[in-house]
Amino acid sequence: MGLNQSNLKKEKLDDLGNKTHFSQEQLKELLAQFKRESPSGKISQEEFNEAMNLMGVVDPFLQGLVFKVFDKSKTGTITFSDFVNGLSVMTKGTSEEKLKFAFEMYDLDESGFITKEEMTTILESFYKLIGPSDDNPLATFSGNKYDAPQQLVDELFEQ
């Protein structure tokens, strides 16, 4: 016997509850909001970019990086499951999950390695996003300051 739609929805939410850091109540709220914002059940790259623009991330390159990590099935759209999994890691993930998310974002060619060129490209985009100034230079947690992303990348790859 086939399951009715409400049972399928419940099973999907149960599965997401087991795989994410969201409670069933939070998942229900997220699903309702997702359906309101994306009645088709999917978020296109264009819709995603519009949302990122509203959050102040206007660089198309960075938008594409985040979209790529959310679009786990590589369909060119983000499903509710994709959205919840990505949001869970970004907002409530463990350090290890966040590190894996960042690695997937930085590994531009998906080779399993982050090259010097990839790191330079990423840091240059982030540098543009945060708009470093005299008050807010490019700096590491150890206090080292850099005039340009390339200097930081060169130092990282020398170690």
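These notes cover the structure that comes with them. Worth saying up front: this structure is predicted, and the values here are computed from it rather than measured. (Residues numbered from 1 in each chain as written. Predicted model: local features only at pLDDT ≥ 70, side-chain atom pairs only at ≥ 80, totals over all residues. Heavy atoms only, no water.)

**Details of the overall build of the chain**
In step 1: A tally of helices and strands in the chain yields 8 helices and 4 strands.
In step 2: Mapped in sequence order, the helices and strands of the chain form the string α-α-β-α-α-β-α-α-α-β-β-α.
In step 3: In terms of its C-alpha atoms, the chain occupies a principal-axis envelope of roughly 65 × 30 × 25 Å.
In step 4: Intrachain contacts of the chain at a sequence separation of at least 6 include 51% that bridge at least 24 residues.
In step 5: Accessible area for the chain stands at about 10400 Å²; split by element, carbon and sulfur atoms hold 55% of it.
In step 6: On the chain, the mean spot of the 17 positive side-chain charges and the mean spot of the 27 negative ones are 10 Å from each other. (Helix = DSSP H or I, 4+ residues; strand = E, 2+ residues; numbered from the N terminus. Contact = heavy atoms within 4.5 Å. Areas by Shrake-Rupley, 256 points an atom, 1.4 Å probe, with all protein chains shown as cover. Lys, Arg positive; Asp, Glu negative; His and termini not counted. Charge placed at Lys NZ, Arg CZ, Asp CG, Glu CD.)

**Focus: the packing of aromatic side chains**
In step 1: This model, assessed by the stated rule, comprises 7 aromatic pairs.
In step 2: With a centroid separation of 5.4 Å and 65° between ring planes, the pair formed by F34 and F80 is classed as edge-to-face. Note that F34 is positioned in helix α2 (residues 24–37) and F80 in helix α5 (residues 80–92), a separation of 46 residues in sequence. The same class applies to F34 as to F80, namely buried.
In step 3: Taken together through their ring pairs, the aromatic side chains of F34, F48, F67, F70, F80, F83 and F101 make up a single cluster. (Phe/Tyr/Trp six-rings, centres within 6.5 Å; stacked < 30°, edge-to-face > 60°. Buried < 20%, exposed > 50% of the residue type's maximum accessible area, 1.4 Å probe, protein only.)

**Examining the side chain of S125**
In step 1: Inspection of the secondary structure assignment puts S125 in helix α7 (residues 116–130).
In step 2: Every residue in contact with S125, bar those within four places of it in the chain, is listed here: D59, F61 and L62.

**What about the pattern of salt bridges?**
Oppositely charged side chains may form a pair once their charged atoms are brought near each other.
In step 1: Counted by the stated rule, this structure contains 5 salt bridges.
In step 2: Its salt-bridge partner being K74, residue E110 comes within 3.9 Å of it at the nearest N-O pair. On the criterion of sequence distance, the pair formed by E110 in the loop between α6 (95–106) and α7 and K74 in the loop between α4 (60–70) and β2 (77–79) is long-range, its members being 36 residues apart.
In step 3: K116 is the partner of D154 in a salt bridge, and the nearest nitrogen-oxygen pair spans 3.1 Å. With D154 in helix α8 (residues 149–158) and K116 in helix α7, this pair connects stretches of sequence that are 38 residues apart. (Salt bridge = Lys/Arg side-chain N within 4 Å of Asp/Glu carboxyl O.)

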